[in-house]
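A closer look at the structure
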Amino acid sequence: MKRRTKAVIGTALTASLLTGGTALADARGWWPGAKEVRVMLPEGQSNPAIANGVATGGEVAVYQSSGLGPSALNPSAPQGTPEYYTDPSLTEGAEGVTVTEAQALVVLRNIKTNLATAGLTPADVITMKAYLMKAPGTETADYAGWNRAYRQYFANIDLTTHQVVPVPMGTSAPKPPLLANKARPARATMEVASLAVKGWLVEVEVTAAYKKR
């Protein structure tokens, strides 16, 4: 191999190593402290729906919920139907609320109750996984309805102004959310073929972090 070729390869390798070293240094600078929770948010957004990711230090205590579904709170609907697993009191006065959205409101309220039992609140949630089924007669899961319900309990405080952001329910005009909460968990949402209970369209699990002691 000629000396000039060796020099070019050596320069390229050095540049590659330096670039990799810089990236590693940057990543290490982002690592959380032992008792720290660090949330990576989309750059330049004051009210993003979810985080890009969350890092927890080795001494952070966390709580993992099971997958939680909606409760049967609509006795006027036939048992086993999606409508049976909604709560009309949550959507009273709203128009255009989808059945997925109505179920999701019940699920998120159930999560709030579940967290309270563990000494936590929705503000402590750092990750979330949502499983959706398509409603009867539809081609795909109702992601839009799920996202509207999600904003009723999460990611509804502007991170720049710290003001509560009104959110819509169904096709109704935006109003103050059911729960003001600035938390933006790292979240995944996916459509599934079936859920454990007939009539369920939504199931959600969360991870929440306890505050520093």
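What comes next is a walk through the structure.

This part takes up the sheet that holds strand 4 (residues 125–132). Taken in spatial order, the four strands line up as 3-6-4-5 in an open sheet, and their pairing is mixed. In this open sheet, the two edge strands, each paired with only one partner strand, are strand 3 (62–64) and strand 5 (186–191). Adjacent strand axes in the sheet meet at a mean angle of 10°, parallel and antiparallel pairs treated alike. With three bridges connecting them, strand 3 and strand 6 (residues 202–209) associate as antiparallel partners. Across the sheet, residue valine 62 finds its bridge partner in strand 6, namely alanine 209. Lying on the sheet, helix 2 (residues 99–117) is in contact with strand 3, strand 4 and strand 6; it crosses strand 6 at an angle near 30°. Sheet strands in contact with helix 3 (residues 143–153) are strand 4, strand 5 and strand 6, and its direction is about 150° off that of strand 5.

Here the focus is the pattern of salt bridges. Under the counting rule described, the total for this entry stands at four salt bridges. In this structure, the salt-bridge partner of arginine 38 is glutamate 36, at a minimum N-O distance of 3.7 Å.

A few words now on the layout of surface pockets. Computed from the structure, the largest pocket encloses a volume of approximately 640 Å³. Residue lining of the largest pocket: 22 residues in total, with Val37, Asp124, Ile126, Ala209 and Lys211 positioned closest to the centre. Every element with two or more residues in the lining of the largest pocket is listed here: strand 1 (37–40) and strand 4. Taken together, the residues that form the lining of the largest pocket break down as 14 nonpolar, no polar and eight charged. By volume, the second largest pocket is sized at about 170 Å³. Taken together, Leu90, Glu92, Gly93, Ala94, Gln152, Val167, Met169, Ser172, Ala173, Lys175, Pro176 and Leu178 form the lining of the second largest pocket.

Scoring rules and cut-offs
Residues numbered from 1 in each chain as written. Predicted model: local features only at pLDDT ≥ 70, side-chain atom pairs only at ≥ 80, totals over all residues. Heavy atoms only, no water. Pairing = 2+ DSSP bridges. Helix = DSSP H or I, 4+ residues; strand = E, 2+ residues; numbered from the N terminus. Axes fitted to C-alpha atoms, helices over the stretch in contact; angles between N-to-C directions. Contact = heavy atoms within 4.5 Å. Salt bridge = Lys/Arg side-chain N within 4 Å of Asp/Glu carboxyl O. 1 Å grid on protein atoms, 1.4 Å probe; cavity = no way out; pocket = protein on both sides within 12 Å on 5 of 7 lines; lining within 4 Å. Points joined across faces, edges and corners; volume = space filled by probe spheres on them. Nonpolar A, V, L, I, M, F, W, Y, C, P; charged D, E, K, R; others polar.

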